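Each chain, written out:
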Amino acid sequence: MQIANNVVASIEYTLTDDQGNVIDSSVGGEPLAYLHGAGNIIPGLEDALEGKQVGDSLKVSVPPSEGYGEKDEALLQVVPRSMFRGVDQIEVGMQFHAQTDHGMQVITVAKVEGDNVTVDGNHPLAGQNLNFDVKVLEVRAATAEELEHGHVHGAGGHHH
Ligand code: ZN
């Protein structure tokens, strides 16, 4: 069976940046299972997996436009230190979940100057080329319930 819309694929992947640093990897852990065609994974990776089957390996380089987008300067914001109640030491690189106009988002501390903290609402991987090393482990038809929910249930997917 080939990967196509309404098919569940389980993949093993390693994600590196352009310098070769490993950003994320499923190797040695639970594979990533996703519903193809449902936007569960970034478009550049989903497109590259179309038509692949069990045992196939591929290397995919995904530009920001097909990944997490370009960095948006408008998402940088200066907030007072008092916003971070209960945090003793605020340091560059720290990440927090914050309620914003766009829902719950991860923000990253970009700069700390006295009482002013610059936070960055961009996805941590925005503006980066994403280099995936992928192996297809399993391909199966999605269940009716998975199609209805738009995501995978069971191993590697949602448990609910
Ligand atoms: Zn569900």
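A. Representation of the domain arrangement of the chain. For the chain, the assigned domains read domain 1 (7–68 + 127–149) and domain 2 (73–120). The C-alpha centroid of domain 2 is placed 30 Å from the C-alpha centroid of domain 1.

B. Spotlight on the sheet that holds strand β8 (residues 116–120). One open sheet accounts for four strands, arranged β5-β8-β7-β6; its pairing is antiparallel. Of all strands in the sheet, those bounded by a partner on one side alone are β5 (76–80) and β6 (95–100). Across the sheet, the mean angle from the axis of one strand to that of its neighbour is 45 degrees, orientation sign disregarded. Examined bridge by bridge, strand β7 (residues 103–113) and β8 share five bridges and lie antiparallel to one another. Pairing of Val109 across the sheet is with Val119, part of β8.

C. Region of the structure containing the coordination of the zinc ion. Only His149 (ND1), His151 (NE2), His153 (NE2) and His160 (NE2) from the protein coordinate the zinc ion, and they sit 1.9 to 2.2 Å from it. Seen from the zinc ion, its four donor atoms lie at angles of 100 to 121 degrees, and the figure they make is tetrahedral. All donors to the zinc ion come from one chain, and their sequence spacing reads H-x1-H-x1-H-x6-H. For His153, a relative accessible area of 17% translates into the label buried.

D. Examining the packing of aromatic side chains more closely. Counted by the stated rule, this structure contains two aromatic pairs. Geometrically, the ring pair formed by Phe84 and Phe96 is tilted, given 5.0 Å between the ring centres and 55 degrees between the ring planes. Of this pair, Phe84 sits in the loop between β5 and β6 while Phe96 sits in strand β6; the two residues are twelve residues apart in sequence, bridging distant segments of the chain. The same class applies to Phe84 as to Phe96, namely buried.

E. Examining the pattern of salt bridges more closely. In total, this model carries four salt bridges according to the counting rule given. In this structure, Arg140 and Glu146 form a salt bridge, with 3.0 Å as the shortest nitrogen-oxygen distance.

Definitions and cut-offs
- Residues numbered from 1 in each chain as written.
- Predicted model: local features only at pLDDT ≥ 70, side-chain atom pairs only at ≥ 80, totals over all residues.
- Heavy atoms only, no water.
- Domains from an automatic or database assignment.
- Pairing = 2+ DSSP bridges.
- Helix = DSSP H or I, 4+ residues; strand = E, 2+ residues; numbered from the N terminus.
- Axes fitted to C-alpha atoms, helices over the stretch in contact; angles between N-to-C directions.
- Donors = N, O, S within 2.8 Å, 3.2 Å for Na, K, Ca; no water.
- Tetrahedral: all angles 85-135°; square planar, octahedral: opposite > 155°, others 65-115°.
- Buried < 20%, exposed > 50% of the residue type's maximum accessible area, 1.4 Å probe, protein only.
- Phe/Tyr/Trp six-rings, centres within 6.5 Å; stacked < 30°, edge-to-face > 60°.
- Salt bridge = Lys/Arg side-chain N within 4 Å of Asp/Glu carboxyl O.

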